[in-house]
Amino acid sequence: MEAEILIDVRAQLGEGPRWDAPRRRLLWVDIEGRALHAWDGSDDLAFPCGARVGAAAPTETVEVLVALA
């Protein structure tokens, strides 16, 4: 088995990958980079949060619940 890079993003401290099945995207956080990331299979979008991000979770709507530290 060989590892493959799917998202070539340089995070300061990337953590907490969480699959959002209804929207078919991967949510993850860059704690020290203070951003929420959403990867849809081709693009990784970063959303600045203004504070250290502890975790993120999808909701039943398109919104994402974000815990700030």
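The structure this text deals with has already been given above.
Note that the structure is predicted; figures quoted are calculated from it, not measured. (Residues numbered from 1 in each chain as written. Predicted model: local features only at pLDDT ≥ 70, side-chain atom pairs only at ≥ 80, totals over all residues. Heavy atoms only, no water.)

## Here we look at the nonpolar core
By size, the foremost hydrophobic cluster in this structure holds five residues: V29, I31, L36, V53 and A56. Those residues within four positions of A56 in sequence are excluded, and the remaining contacts are R18, V29, L36, V64, L65 and V66. (Core = buried A, V, L, I, M, F, W, Y, C linked by side-chain atoms within 4.5 Å. Buried < 20%, exposed > 50% of the residue type's maximum accessible area, 1.4 Å probe, protein only. Contact = heavy atoms within 4.5 Å.)

## Quick notes on the pattern of salt bridges
Scanning the model with the defined rule gives four salt bridges in all. Between D20 and R25 there is a salt bridge, with the nearest N and O atoms lying 2.8 Å from each other. Here D20 and R25 have matching classes, each one buried. A single salt-bridge network, built from bridges that share partners, covers D20, R23 and R25. (Salt bridge = Lys/Arg side-chain N within 4 Å of Asp/Glu carboxyl O.)

## A short note on the pairing of strand β5 (residues 53–58)
Alignment of β5 against strand β6 (residues 64–68), held across five bridges, turns out to be antiparallel. In the sheet register, A56 faces β6, and the bridge partner there is V66. Hairpin remark: β5 followed by β6, antiparallel, with five residues in the connecting loop. (Pairing = 2+ DSSP bridges. Helix = DSSP H or I, 4+ residues; strand = E, 2+ residues; numbered from the N terminus.)

## What to know about the environment of R34
Secondary-structure assignment places R34 in the loop between β2 (25–30) and β3 (35–39). Judged by its relative accessible area of 40%, R34 falls in the partly exposed class. Distance in space between the C-alpha atoms of R34 and E15 is 12 Å, their sequence separation being 19 residues. With residues near it in sequence (within four places) discarded, R34 still touches F47, P48, C49, G50, A51, R52 and V53.

## Examining the side chain of H37
Position of H37 among the secondary structure elements: in strand β3. Those residues in contact with H37 that sit more than four places away from it in its chain are V9, L26, L27, W28, D30, D44, L45 and A46.

## Re the pairing of strand β4 (residues 44–48)
Note that β3 and β4 share five bridges and pair antiparallel. The residue of β4 that forms the bridge with A38 is L45. The turn linking β3 back onto β4 is made up of four residues, and G41 within it adopts a positive phi angle of 105 degrees.

## Here we look at unusual backbone geometry
A positive phi angle, close to 50 degrees, is found at R24, a residue other than glycine. With respect to the helices and strands, R24 occurs in the loop between β1 (14–20) and β2. Phi at R34 takes a positive value of approximately 55 degrees, unusual for a residue other than glycine.

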